[in-house]
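The chain contents come next:
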Amino acid sequence: MDGAVSVRPAWEVWENEDATRWFDVRLAFTDGAHVDALAVVAGGCVGVEEVRAQPALSLDDLAVLADWFEESLAEACGAGAGPDSEDCAGPGRRARPVWPRGAEGRWLVAQEYRAAQQDGADPVLAVMCATGHSRRKSLRLIGQARDAGLLAPRRARR
């Protein structure tokens, strides 16, 4: 490979003894091309949540993306997690807790949100950690709980 990989911690969420950590990964080539990715490490597995490349990657390049920065990411998070890890959900799948859909799921989101508020923690991060979803999806779930009347409206009406 004719490029350099840099890995920077983005944020970390702890639940009990388990940590979910996100990393900003940048692969820069000598010709000016680069790949930026947001990787998540949880339960000994590595998942890629977002990838941006300039110029765009081919499907073949995308398939070997993990090989390009696997070692650097493992060093940054202090674990040798790889595809053979027994904690993984399987090839190409991210480990995510089972979260009920519908009214029960909205009710649980509201419970997590209110508990985090009472503890003085970030309620959005609490929902992210509980559901295993991204920030965007968690905000959507919180909005659905608000729409269902399980959480107070975001802004008071005048």
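Here the structure is shown first, and the text comes after it.
Residues numbered from 1 in each chain as written. Predicted model: local features only at pLDDT ≥ 70, side-chain atom pairs only at ≥ 80, totals over all residues. Heavy atoms only, no water.

Focus on the nonpolar core
Then comes step 1: Counting residues in each nonpolar core, the largest one holds 15 residues, and the members touching the most others are Trp22, Val109, Tyr113, Val127, Ile142, Ala145 and Leu151.
Then comes step 2: For this core, the elements supplying multiple residues, two or more each, are strand 3 (34-42), helix 3 (102-119), helix 4 (123-131) and helix 5 (135-147).
Then comes step 3: Considering every element that reaches this core, the biggest residue donor is helix 4, with 4 residues.
Then comes step 4: Once residues within four sequence positions are removed from consideration, tryptophan 22 is found in contact with Pro9, Ala10, Trp11, Val13, Leu38, Ala39, Val40, Glu49 and Met128.
Then comes step 5: Grouped together as the second largest cluster of nonpolar side chains are 6 residues, Val25, Ala37, Val41 and Leu73 included. (Core = buried A, V, L, I, M, F, W, Y, C linked by side-chain atoms within 4.5 Å. Buried < 20%, exposed > 50% of the residue type's maximum accessible area, 1.4 Å probe, protein only. Helix = DSSP H or I, 4+ residues; strand = E, 2+ residues; numbered from the N terminus. Contact = heavy atoms within 4.5 Å.)

Brief notes about the packing of aromatic side chains
Then comes step 1: Counting across every chain of the model gives 1 aromatic pair.
Then comes step 2: With a centroid separation of 5.0 Å and an interplanar angle of 25 degrees, the aromatic rings of tryptophan 11 and tryptophan 22 are classed as stacked. A residue pair is termed long-range when its members are at least 10 positions apart, and tryptophan 11 in strand 1 (residues 3-15) and tryptophan 22 in strand 2 (residues 18-29) qualify at 11 residues.
Then comes step 3: Judged by relative accessible area, which is 6%, tryptophan 22 ranks as buried. (Phe/Tyr/Trp six-rings, centres within 6.5 Å; stacked < 30°, edge-to-face > 60°.)

Focus on unusual backbone geometry
Among all residues except glycine, the phi angle is most often negative; among peptide bonds, the trans geometry is most common.
Then comes step 1: The linkage connecting glutamine 54 with the following residue, proline 55, adopts the cis geometry, with an omega of -5 degrees.
Then comes step 2: Considering the arrangement of structural elements, one finds proline 55 in the loop between strand 4 (45-54) and helix 1 (59-63).

Comments concerning helix 5
Then comes step 1: Between its first and last C-alpha, helix 5 extends 18 Å over 13 residues, near the 18 Å set by a 1.5 Å rise per residue.
Then comes step 2: Within the span of helix 5, buried status applies to Ser138, Leu141, Ile142 and Ala145. Taken down its axis, helix 5 places every buried residue within 100 degrees of arc, on the same side. The exposed set on the far side of helix 5, more than 90 degrees from its buried face, consists of Arg136 and Asp147.
Then comes step 3: Contacts made by the buried residues of helix 5 are with helix 3 and helix 4.
Then comes step 4: Glycine 149 lies just past helix 5 and shows a positive phi near 85 degrees. (Expected span 1.5 Å × (residues − 1). Arc of directions from axis to C-beta.)

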